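# Structural features, examined
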There are 2 protein chains.
Amino acid sequence: MGTSPAARAAGPLPQLYELVLANGRSASPYVWRIRYALAHKDVEFESVPLGFTEIAATFGERFKTVPVLRDGAELLAESWDIALYLDRTRPHAPLFAADSEVATTRLLDGWVSAEIMRRMFRIYVLDIHNAARCEDRSYFRESRERRLQGRTLEEFTADRREQLPALREAFGPVRAQLKRTPFLGGTRPNYADYLVLGALQWVASVGTLPLFSSDDGTMRAWLERCQQLYRAFGPDPREQPLFE
Amino acid sequence: MGTSPAARAAGPLPQLYELVLANGRSASPYVWRIRYALAHKDVEFESVPLGFTEIAATFGERFKTVPVLRDGAELLAESWDIALYLDRTRPHAPLFAADSEVATTRLLDGWVSAEIMRRMFRIYVLDIHNAARCEDRSYFRESRERRLQGRTLEEFTADRREQLPALREAFGPVRAQLKRTPFLGGTRPNYADYLVLGALQWVASVGTLPLFSSDDGTMRAWLERCQQLYRAFGPDPREQPLFE
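Bringing the overall build of chain A into the picture now. A count of helical and extended segments in chain A gives eleven helices and four strands. Against the compact-globule benchmark of 18 Å for 244 residues, chain A has a radius of gyration of 18 Å, which places it among compact chains. With respect to the principal axes defined by its C-alpha atoms, chain A has extents near 50 × 45 × 30 Å. Looking at the 244 residues of chain A, the share that counts as buried comes to 59%. In chain A, 71% of the contacts between residues at least 6 apart in sequence involve partners at least 24 apart. Entry remark: accessible area of chain A is about 10,500 Å², with carbon and sulfur atoms responsible for 50%.

Rendered as structure tokens:
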């Protein structure tokens, strides 16, 4: 988090409502995107941790998901809306170089969701349940099992080891780009990096099955570069269960 | 193609070496990207059509694939190298707003290749063979069947109708973005649009199985918008076999 006088002078800190696990970590890939976006701009913020069952109670019917950002009189939800708001209100260190990059990155997000996050859910949803605070688990189980048309989380994830190769392979385009440039945004990270980092933080917060093989040097080197930049935030590849 | 005095004043026209089919159309999705990139910048060019078997003979061992662009003393291959060269030498109407957008679009290209073009090859490779000039067909068959580990093109595509739903579904992120913005690049097309358009031109040049369902209004409306901009180039959705 930033400690620059400029960031401090702006008044009360923005508040980021997050989804908290029993281990105190933030559980939402979309919250993680905004954590990185705030770090990218060196904007200090105050974290407001909520359990799965507290979101509706906190915001009434207005918002059902986090991240939610309170910034002075503004109250915003949806990570894309928040990211664009941050570029409008804090134009230094832009997340997006141009409107065309917003559109292209949003298209990219569609593929990250379809090819990476969908497979992560398939493999790690029981781990998320088990990492949730005790009081959130039955809500989490019921809401997710409804989506699974009655299968239990245990049944749904029983073959998760067989699903792992397809998830690893889905990172192929990410690895190919990281062989060309140090970050997905080129010489510096941009929101494309944070989409993928956010998904990996989700796994790192809960996972009991290592995502990457131990010899996946391309992913490891990129995570280490990100960790150097965002020490307080990133999954430390030496501590987190991301690698075999 | 551009006819502005500025474009004409620059000397002899650049030459674009293309892959030509028996029907006279250009067969390579990578060539189509560059055709659109040149149209985007309103750069006139001269087309040099080559058959599959003429590429090596034309460039010796130097280039084995098209597009190849000859621009004065410069001779370049690889569509990404050509696109970046065009932005350096003709900086008006940039294809990329910033280096970060180059990186992000190249990552996007990885997903277009893995999720869309790979499935197109699976469905349309026999159509490409059949659309090639007579004298190119045995070369095309032998080189592609080698990649298929000895299966014939007919065997490989026998179940192609069953493969179609997965290809249609792979356009999900494209459709989602086109519901937000008129083009994948936002309010105007950029190279992200041309990646996808190039793939569709590949199919439109050869396909005997309609790619999209007749009620795919999102894809149809986008193709019509592109057709309005690039009338001489685009697949005309009313004539091409892209829709059922």
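This part takes up the relation of the copies chain A and chain B. Rotating chain A by 180° about the axis while translating it 0.0 Å along that axis superimposes it on chain B, leaving an RMSD of 0.0 Å. Both copies of the chain, as the preceding transformation shows, are related through a two-fold rotation axis. A shared binding surface is used by both copies, with 100% of the interface residues of chain A retained as interface residues in chain B.

Contacts between the two partners involve 26 residues from chain A and, on the opposite side, 26 residues from chain B. Carbon and sulfur atoms make up 70% of the surface buried where chain A meets chain B, a total of about 2,200 Å² over both sides. On the chain A side of the contact with chain B, Thr-104, Leu-107 and Trp-111 of chain A bury the most area, a combined 31% of that side's loss. If you look at where chain A meets chain B, you find zero salt bridges. Summed over the shared surface of chain A and chain B, the number is five residue pairs in polar contact (both at pLDDT 80 or more).

Attention shifts here to the packing of aromatic side chains. Residue and element names in this part refer to chain A. Applying the stated criterion to the full structure yields 28 aromatic pairs over all chains. Ring geometry for Tyr-194 versus Tyr-230: centroids 6.0 Å apart, planes at 70°, classification edge-to-face. Taken together, the positions of Tyr-194 in helix 10 (residues 191-206) and Tyr-230 in the segment after helix 11 (217-229) put the pair 36 residues apart, joining distant regions of the chain. In this pair, the class of Tyr-194 matches that of Tyr-230, namely buried. Through pairs of rings, three or more aromatic residues link up here, namely Trp-32, Tyr-36, Trp-80, Phe-96, Tyr-191, Tyr-194 and Tyr-230.

Bringing the pattern of salt bridges into the picture now. Per the stated rule, a full pass over the model turns up 30 salt bridges over all chains. For Arg-168 of chain A, the salt bridge identified is with Glu-244 of chain A, shortest N-O distance 3.1 Å. You can see Arg-168 of chain A sitting in helix 8 (residues 160-170) and its partner Glu-244 of chain A sitting in the segment after helix 11, a full 76 residues away along the chain. For Arg-133 of chain B, the salt bridge identified is with Glu-135 of chain B, shortest N-O distance 3.6 Å. Beyond isolated ion pairs, a larger network of salt bridges with shared partners links Glu-54, Arg-133, Glu-135 and Asp-136 of chain A.

Analysis parameters
Every chain is numbered independently, its residues counted from 1 as its sequence is written. Think of it this way: whatever chain is written first is A, whatever ligand is written first is 1, and the rest follow in order. Given that the model is predicted, a residue must reach a pLDDT of at least 70 before its local features are reported, and side-chain atom pairs must reach 80 or more before they are shown or counted; all residues, however, enter totals for whole chains, interfaces and linings. Side-chain figures throughout are based on the complete set of non-hydrogen atoms in the structure, without hydrogens or water. Every helix listed is a DSSP run of H or I at least four residues long, and every strand listed is a run of E at least two residues long, numbered separately from the N terminus. The globule rule used here is 2.2 Å times the number of residues to the 0.38 power, and the radius of gyration it is set against is calculated over C-alpha atoms. Under the scheme applied here, a residue whose accessible area is under 20% of the maximum for its type counts as buried, over 50% as exposed, and between as partly exposed, the area being computed with a 1.4 Å probe on protein chains only. Here, residues are in contact when the closest pair of their heavy atoms is within 4.5 Å. Surface accessibility follows the Shrake-Rupley procedure with a 1.4 Å probe radius. Residue values consider only the protein chains on display as shielding. Least-squares superposition of the copies uses the C-alpha atoms of those residues scoring a pLDDT of at least 70 in each of them. Two parts placed together each lose some accessible area under a 1.4 Å probe, and adding up what both lose gives the buried area. Any carboxyl oxygen of Asp or Glu that lies within 4 Å of a side-chain nitrogen of Lys or Arg is treated as forming a salt bridge with it. Pairs of N or O atoms within 3.5 Å make up the polar contacts considered here, provided that, within protein, one atom can donate a hydrogen while the other can accept it, and that residues adjacent in sequence are counted only when both atoms are side-chain atoms. Classification of ring pairs rests on two measures: the distance between centres of Phe, Tyr or Trp rings, Trp counted by its six-membered ring, which must be within 6.5 Å, and the angle between planes, read as stacked under 30 degrees, edge-to-face over 60 and tilted in between.

Any link to function would need more than the numbers given here.
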